[in-house]
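Single-letter residue listing:
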Amino acid sequence: MYEDEMDTNRRWWDGATPVHYRSRSYDVDGFRRGASSLLPLELKELGDVGGKRLLHLQCHFGLDTMSWARRGAIVTGVDFSPEAIATARRLSEELSIPARFIESNVYDLPEMHDERYDIVYTGYGALCWLPDLARWAKVVSRSLRPGGTFYVVDSHPFSDLIDENVADRIELKGRYITDGRPEKWVSPDTYTDSDRPLEEQTTYAWRHTLSEIVGSLLSAGLRLDFLHESEMGYFNMHPLMEKRDDGHWVFREGTCGLPLTFSLMAHLPDHCQTVSSSR
Ligand SMILES: C[S@@+](CC[C@H](N)C(=O)[O-])C[C@H]1O[C@@H](n2cnc3c(N)ncnc32)[C@H](O)[C@@H]1O
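Summarised in this report is the structure supplied together with it.

## What to know about the packing of aromatic side chains
Following the criterion strictly, the structure yields 14 aromatic pairs and no others. Residues Trp12 and Trp129 carry aromatic rings whose centres are separated by 6.0 Å and whose planes lie at 25° to one another, so their mutual orientation is stacked. With Trp12 in helix α1 (residues 3-22) and Trp129 in the loop between β4 (117-123) and α7 (133-143), this residue pair connects regions lying 117 residues apart in the sequence. This pair shows no difference in class: Trp12 is buried, exactly as Trp129 is. Ring centres of Tyr121 and Tyr151 lie 6.2 Å apart, and the angle between their planes is 10°; on these two criteria the pair is classed as stacked.

Next up, the structure:
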C-alpha cells in the first residue's frame, strides 16, 4: 500500500541528501570536528549506550547514527535512500567511525536482515514518512532482542497544526485526526538552506496521532516505559521561534504551551514472542 508515494519520497530523499550534506543546518564540517548531531533531550533520556547494539531506523546520511557510535554504541543505520546510505558509508569511512549502513525500506527490513538489537532508535522527522504505523511497530518489535529498548523522539503530531504563515502569533490550521491519506507537498526546496532546486519536488507525508503511535507499539507487544511531551522543538517551525545554544528550537516570548516534540521509551518483555512482521 502506498508504494508509489513511497517511491516518490525515496526519489525526493535521493535529491535532498546532497543538499542536506552541504547545508548549514546539518553542519557536516562541525560533525567532522567532533560535534554531535544529537540533542540534549535524547542524550539524557536514552542515556548510556556504551557497548549496546543499536539499530537506527530511517538514519538519513548517518550523522545521528554515527553520533551514537561516538558514544560507544555498536551501530547499524537503515534508510531507503541509496544516496543517503552511500553518503553515510563514505562519511563513516572518511572519519573512521565504525558503523554499518543498510539500504532498505523500513517495511522490507525483516526480509533482508535477521538480527536483534539491544536498542532500536528513531529520531526527528521519521514517522511522518510512514503510511502504516502498525506495520512499522512490528518491524520495531521484530528487531529487538527480548528485554531490548525502543526509543523514539520526533515532532509531536499536534505541532503540525501550527500555522507558520501567521508570523506574529500562534494560530492553528488543518486537522489533527485525518482519514489516513497522505498530504501531498510540492516545493523546489528542502527544509534546510537549499542551494539548488530539487529534481523531484513532490513528497507525501502522513500525520499519525499520538494514540496511533503508542497504540501501534503496544499492539506489537512492546511495554511502555514513558511518554513525554515537550515544548522544545528541533527545527524552526515558526517565525517566533529561536534556536537555543543547546540546539533546541523554542518559542521566543515565554512558552507557547503547545507540545512540539514527543519522546517515548518502550521495551520488549523478556518472555515476548516476536510478532510476525508480514503484511
Ligand atoms: C529527516 S530524516 C530522519 C533522520 C534524522 N533525524 C535526520 O534529520 O537526518 C528522514 C529519513 O527517513 C527516510 N525514509 C523515509 N521513508 C522511509 C522508509 N519507508 N523506509 C526507510 N527510510 C525512509 C528518508 O530517506 C530520510 O533519510
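## Regarding α7
Burial runs high along α7: nine of the eleven residues are buried. On its buried face, α7 is in contact with β1 (53-57), α6 (109-112), β4, β5 (144-155) and α8 (210-219). Backbone nitrogen of Ala134 and a side-chain oxygen of the N-cap are separated by 3.1 Å at the start of α7; the cap is Asp132.

## Quick notes on the site of the ligand
As a structural note, the neighbourhood of the ligand is formed by 18 residues, with Tyr26, His60, Asp79, Val106 and Tyr124 the closest of them. Measuring from an oxygen atom of the ligand, one finds a side-chain N or O atom of Tyr26 at 2.8 Å. The separation between a nitrogen atom of the ligand and a polar side-chain atom of Asn105 is 3.0 Å. Relative to its free-state accessible area of 590 Å², the ligand is covered by the protein chains to the extent of 95%. Taken together, the residues of the shell around the ligand sort by class into nine nonpolar, seven polar and two charged.

## Here we look at the sheet that holds strand β8 (residues 223-230)
Read from one edge of the open sheet, seven strands run β3-β2-β1-β4-β5-β11-β8, paired in mixed fashion. Looking at the sheet topology across the chains shown, the edges are occupied by β3 (99-103) and β8. Each adjacent strand pair in this sheet contributes to an overall mean axis angle of 15°, direction not counted. Sheet topology places β8 next to strand β11 (residues 261-267); seven bridges connect them, and they run antiparallel. Bridged to His228 within β11 is Ser263. The strands touched by α8 are β5, β8 and β11; relative to β8, the strand with the most contacts, the crossing angle is about 160°.

## Description of the side chain of Thr209
Tracing the backbone shows Thr209 in the loop between β7 (202-205) and α8. On the basis of relative accessibility, which here comes to 12%, the residue Thr209 falls in the buried class. The contacts of Thr209, once residues within four sequence positions are left out, are Pro157, Tyr176 and Ile177.

Definitions and limits used
- Residues numbered from 1 in each chain as written.
- Predicted model: local features only at pLDDT ≥ 70, side-chain atom pairs only at ≥ 80, totals over all residues.
- Heavy atoms only, no water.
- Phe/Tyr/Trp six-rings, centres within 6.5 Å; stacked < 30°, edge-to-face > 60°.
- Helix = DSSP H or I, 4+ residues; strand = E, 2+ residues; numbered from the N terminus.
- Buried < 20%, exposed > 50% of the residue type's maximum accessible area, 1.4 Å probe, protein only.
- Contact = heavy atoms within 4.5 Å.
- Polar contact = N/O pair within 3.5 Å; in protein donor to acceptor, adjacent residues only side chain to side chain.
- Near = heavy atom within 4 Å.
- Areas by Shrake-Rupley, 256 points an atom, 1.4 Å probe, with all protein chains shown as cover.
- Nonpolar A, V, L, I, M, F, W, Y, C, P; charged D, E, K, R; others polar.
- Pairing = 2+ DSSP bridges.
- Axes fitted to C-alpha atoms, helices over the stretch in contact; angles between N-to-C directions.

Distances and angles like these do not, on their own, reveal function.
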